[in-house]
Amino acid sequence: MAPLDPPAAKKLTKKDFTSDQEVRWCPGCGDYAILAAIQRTLPELGVSREKSLFISGIGCSSRFPYYMDTYGFHTIHGRAPSFATGVKLVNPELDVWLITGDGDGLSIGGNHLLHVLRRNVNIQVMMFNNRIYGLTKGQYSPTSLVGLKSPSSPMGSIDAPVNPMAFALGANARFVSRGIDTMIKPLSALFKEAHAHKGASFIEILQNCPVFNDGTWTHVTARDVSSDMQLWVEHGKPLLFGKDKKKGLIISGADAKVVTVGEDGFTEDDITVHDETSLGLAFTLAHLLPPVFPMVFGVVYRNPAPAYDEAVAAQVDLAVEQQGEGDIDALLRSGHTWTVE
Amino acid sequence: MGFNHALCLRRPRNENHMDTPVSQDVTRKTLESVVIRFAGDSGDGMQLAGTQFTQTSAVAGNDLATFPDFPAEIRAPAGTLFGVSGFQLHFASHEILTPGDEPDVLVAMNPAALKVNLPDVPTGGFIIVNSDAFSKSNLKKAGYEANPLEDGSLDGYRVLKIEITRLATAAVEHTEIGAKSAQRTKNVWTLGLLYWLFDRDRTPTKEWLQKKFAKKPALVDANISALDAGHAYGETAELPTGVELYKVPKAKLPPGTYRNIEGNTALAWGIAAAAKLSKTKVMFGSYPITPASSVLHALAPLKHFGVTTFQAEDEIAAVCSAIGASWAGAVGVTSTSGPGMALKGEAIGLAIMIELPLVILDVQRAGPSTGMPTKTEQADLFQALYGRNSDAPLCVLAPQSPGDCFLMAIEAVRIATKYMTPVIVLSDGYIANGAEPWAVPSFDELPKIDVKYHADTEDFHPYLRDPKTLARVWPIPGTPGLEHRVGGLEKDFDSGHISYDPDNHHKMTQVRAGKILGIADDIPEQKVELGAEGGKLCMVSWGSTYGSVNEAVRRARSQGKDVSHVHLRYMWPMPRNLEALLKTYDQIIVPELNNGQLAHVLRAEYLLPAQSLAKVAGKPFRVGEVLSAIDDALEGKESN
């Protein structure tokens with residue numbers, strides 16, 4: 001029996017977005033937290049179940065749609081952005097959440113991710129980055145660090161990793177952000193910002209794979225280092241971090257340096273103020289890596305532009321407005337015809 | 001219906017090579033049919049001359065068929081053999097189905113064009129050459145050691161040598177176009193001469209020029225002057241003996257409104273018509289590839305017909321966007337050629353697995369790999385039938401002519417939406433670019449397509465099936481109460497949930513196959529095109545070879561031979577009576593432009609002793625080739 005949608009007046013809850021399928025990720029997988037975050041966020045967004053779509057590729061993260069009681073499409077490896085584009089071209093009102101991973105989105109599907117971002121299709125892209133191939137049992141991924149030992153790199157990976165955030169910026173994405181799997185509250189806030197943004201919004205989520213790459217983000221997420229290694233940016237606010245928010249970044253072009261407010265003559269006024277519309281600043285921030293720098297989180301870049309699906313729909317409307325509804329008889333008789341008596 | 005035009009136009013001659021103008025005869029000789037081939041550099045405007053002659057002949061009431069032959073290079077170095085572009089036109093006072101085996105008239109704009117095309121011209125054939133282009137360097141580029149216009153190597157043909165470049169340039173001297181543009185009017189000048197020779201009206205071409213260069217009056221003036229000058233040249237310059245004036249009377253065609261149509265335009269318009277007939281949006285996702293790109297070009301301006309076109313980043317994205325569109329309730333369509341088909345295989349498998357409508361237009365070209373992209377072939381039959389991982393059956397159709405592409409595109413949408421399945425339409429480079437006069441149907445006569453989305457929430461699961469067609473329901477996102485998940489993982493027959501159950505997988509495999517086989521009850525029975533049911537020999541063709549095979553069987557039958565023609569447009573499932581029908585013949589020959597693929601399928605499916613007549617040359621069959629295979633078979637010789 002399919003559940004009937006509750007009356008519109010009733011506010012939906014997390015339960016309404018939870019499917020009857022048993023979740024089959026490994027115990028302790030970061031995906032559980034992300035699932036919980038989205039199931040918690042959707043009711044707060046006031047969206048309907050029937051218009052919410054989760055589209056995924058292949059990989060551990062791509063099982064996500066089965067656990068959401070919305071419309072879901074578990075497609076093929078790397079191609080989810082293309083399916084999502086097709087959906088939005090038919091019905092721009094559908095609310096599409098794209099679920100991908102570092103292998104799905106940046107290896108086999110790197111091309112499609114590039115194009116869905118640069119076209120600015122109005123969807124939310126959630127990239128679970130655990131820096132490993134989980135479903136195929138532990139091979140190094142395009143975000144794995146050099147030196148990572150895995151079944152396919154027993155002497156250590158020699159592939160230089162790709163930086164997902166820099167990739168998204170390079171693809172001319174108009175909304176680029178980063179969150180952490182287990183930090184559900186800020187993640188939920190990011191989902192809301194991404195949802196509010198018109199166009200393609202990119203969310204990199206640092207996610208832990210406890211089986212094949214356990215602890216890959218611990219140097220950023222562990223309680224004892226988190227305040228020094230995480231910089232949560234906010235538009236118009238200085239780039240401050242650290243336990244007492246005394247550490248700050250001074251960015252000059254592509255150069256960044258960490259200073260402490262109150263030391264060496266630096267005051268809060270010296271700290272660079274985050275401007276989420278600055279592509280140059282976003283690039284510099286995206287490239288900051290521990291241990292010298294903190295990693296940046298939150299909405300690093302937001303600079304809206306017309307959404308692709310709406311532009312396509314506008315051309316269709318314009319064609320109808322200028323030429324009227326197409327007439328097949330007229331089309332078949334357009335150009336040169338002649339009559340045989 | 002005779003092809004005795006050869007007897008009329010070609011005459012074995014002694015006095016060829018006619019440089020000396022003799023008196024001119026104004027009476028015209030009536031011919032039943034003529035084949036003209038225009039050949040020159042890619043930049044010589046031969047395609048334009050050919051299409052204009054085609055339009056004008058259509059207006060004159062002839063039946064016709066064309067075959068453009070493009071070089072692979074966009075603009076190959078001038079004067080080279082590989083840069084030769086050709087356009088062959090067959091027009092007649094009777095019904096014709098092919099662009100003709102051999103040109104009666106060859107227009108060669110330079111030595112390379114002569115060299116490439118001369119082997120096809122029969123002895124006594126009529127050749128018009130632009131002698132201005134026979135310079136030392138052009139002769140060298142074409143690999144001629146001596147000038148063939150002077151060394152007697154063209155004895156045996158009737159050759160009209162004209163300084164076309166000089167005459168055309170002189171004709172447009174009064175206009176304000178530059179020297180380069182002036183020289184480029186030589187194609188239109190030549191067209192004018194041919195219009196005189198074949199008694200064609202210049203008005204349609206003049207009107208076309210006025211429209212085409214509406215914003216450049218100088219070019220209109222120049223081209224019309226060149227056209228008139230070529231025509232006047234024919235009228236006033238005394239043509240040599242042996243060059244006669246001809247007329248080809250009107251053909252008796254069924255009454256109606258006609259137009260010329262190319263296969264790719266017909267596919268595009270068929271898709272647009274299907275959007276209207278089904279009252280369903282079409283989302284056409286495609287990636288440019290020769291020779292399929294013009295389908296995208298033809299659909300992109302048809303947005304007001306309910307067609308959204310999307311130029312994807314690659315072949316895979318194109319098909320995936322189409323599948324996404326189908327999931328959302330549109331008819332997803334993609335177009336491609338062989339290499340693109342290979343890339344789309346995995347996604348087509350997904351569409352089979354989740355049972356969504358999808359139409360794939362495969363305009364086949366010569367392969368494998370990149371092969372010969374501008375040349376035709378029918379070698380994607382195996383790929384269409386079997387080219388996916390695991391047991392992944394779908395429906396395959398093959399239009400038989402440019403006009404048939406329109407109907408088969410509609411048929412593909414009908415089957416895809418009724419049976420929730422991908423449908424592949426196998427066109428090819430020959431019918432994609434070839435044109436034929438087409439009796440334009442009226443929209444009201446076209447079959448309506450009934451599309452239903454599932455909306456009932458009662459006992460819903462996404463793999464509910466119609467017990468008769470086995471088609472699953474089409475519940476589209478946005479419908480309250482039908483939220484569900486689909487994907488490439490195997491589904492339980494009853495609940496639609498993911499299932500690894502062995503028996504269920506076996507059952508689902510059978511269901512997917514059975515659904516497709518059931519389409520055989522929903523398509524026409526196989527008919528015999530020509531000849532009797534039963535007999536000594538049956539020629540079984542499919543797709544674009546219809547014309548040559550039909551014409552060959554027609555001629556063989558007129559000579560009293562016991563041969564029939566069966567032509568397939570439904571490649572999978574095959575018509576339900578096909579096996580019984582084919583078993584009524586002693587011999588079966590399958591002419592096809594591949595290395596024997598349909599012959600193989602018929603042998604495998606029906607244990608029939610089908611023999612292959614394979615041609616894999618990047619060109620369609622000549623009627624003569626099929627005819628001699630018929631003769632050989634009936635005389636008990638091995639063919640092929």
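Quick caveat, the model's predicted, so the values are computed rather than measured.

**Quick word on the environment of Val 258 of chain A**
Next up, step 1: With respect to the helices and strands, the residue Val 258 of chain A is situated in strand S10 (residues 255-260).
Next up, step 2: Non-local contacts of Val 258 of chain A, meaning those with residues more than four positions away in its chain, are made with Phe 241, Gly 248, Leu 249, Val 292, Phe 293 and Pro 294 of chain A.

**A word on the sheet that holds strand S12 (residues 331-336) of chain B**
Residue and element names in this part refer to chain B.
Next up, step 1: The sheet built from seven strands is open, its strands ordered S11-S10-S12-S13-S15-S14-S21 with mixed pairing. Both outer strands of the open sheet, strand S11 (307-311) and strand S21 (570-572), are each paired with one neighbouring strand and no more. Sheet twist, expressed as the mean angle between neighbouring strand axes with direction ignored, is 20°.
Next up, step 2: Lying over the sheet, helix H10 (residues 263-278) contacts strand S10 (282-286), S11, S12, strand S13 (358-364) and strand S15 (422-428), oriented at roughly 170° with respect to S13.

**Details of the side chain of His 274 of chain A**
Residue and element names in this part refer to chain A.
Next up, step 1: Tracing the backbone shows His 274 in the loop between S10 and helix H9 (279-286).
Next up, step 2: Here Val 300 takes part through its backbone oxygen, which lies 3.2 Å from a polar atom of the side chain of His 274.
Next up, step 3: In this structure, His 274 is in contact with Val 233, Glu 234, His 235, Gly 236, Lys 237, Leu 239, Leu 281, Leu 285, Val 299 and Val 300, ignoring residues within four places of it in sequence.

**Observations regarding the interface of chain A and chain B**
Next up, step 1: With 62 residues of chain A in contact, the opposing surface of chain B contributes 68 residues.
Next up, step 2: Roughly 5600 Å² is buried in total at the junction of chain A and chain B, and carbon and sulfur atoms are behind 64% of that figure.
Next up, step 3: Run the count over chain A and chain B and you get four salt bridges.
Next up, step 4: The shortest N-O distance in the salt bridge between Arg 119 of chain A and Glu 313 of chain B comes to 2.9 Å.
Next up, step 5: One can count 29 residue pairs in polar contact (both at pLDDT 80 or more) joining chain A with chain B.

**Considerations on helix H13 (residues 338-354) of chain B**
Next up, step 1: The terminal C-alpha atoms of H13 of chain B, which comprises 17 residues, lie 24 Å apart, in line with the 24 Å expected from a rise of 1.5 Å per residue.
Next up, step 2: The buried count for H13 of chain B comes to 13 of 17 residues, which makes it a mostly enclosed element.

Conventions and cut-offs
- Residues numbered from 1 in each chain as written.
- Chains lettered and ligands numbered in written order.
- Predicted model: local features only at pLDDT ≥ 70, side-chain atom pairs only at ≥ 80, totals over all residues.
- Heavy atoms only, no water.
- Helix = DSSP H or I, 4+ residues; strand = E, 2+ residues; numbered from the N terminus.
- Contact = heavy atoms within 4.5 Å.
- Pairing = 2+ DSSP bridges.
- Axes fitted to C-alpha atoms, helices over the stretch in contact; angles between N-to-C directions.
- Polar contact = N/O pair within 3.5 Å; in protein donor to acceptor, adjacent residues only side chain to side chain.
- Buried area = accessible area lost by both parts, 1.4 Å probe.
- Salt bridge = Lys/Arg side-chain N within 4 Å of Asp/Glu carboxyl O.
- Expected span 1.5 Å × (residues − 1).
- Buried < 20%, exposed > 50% of the residue type's maximum accessible area, 1.4 Å probe, protein only.

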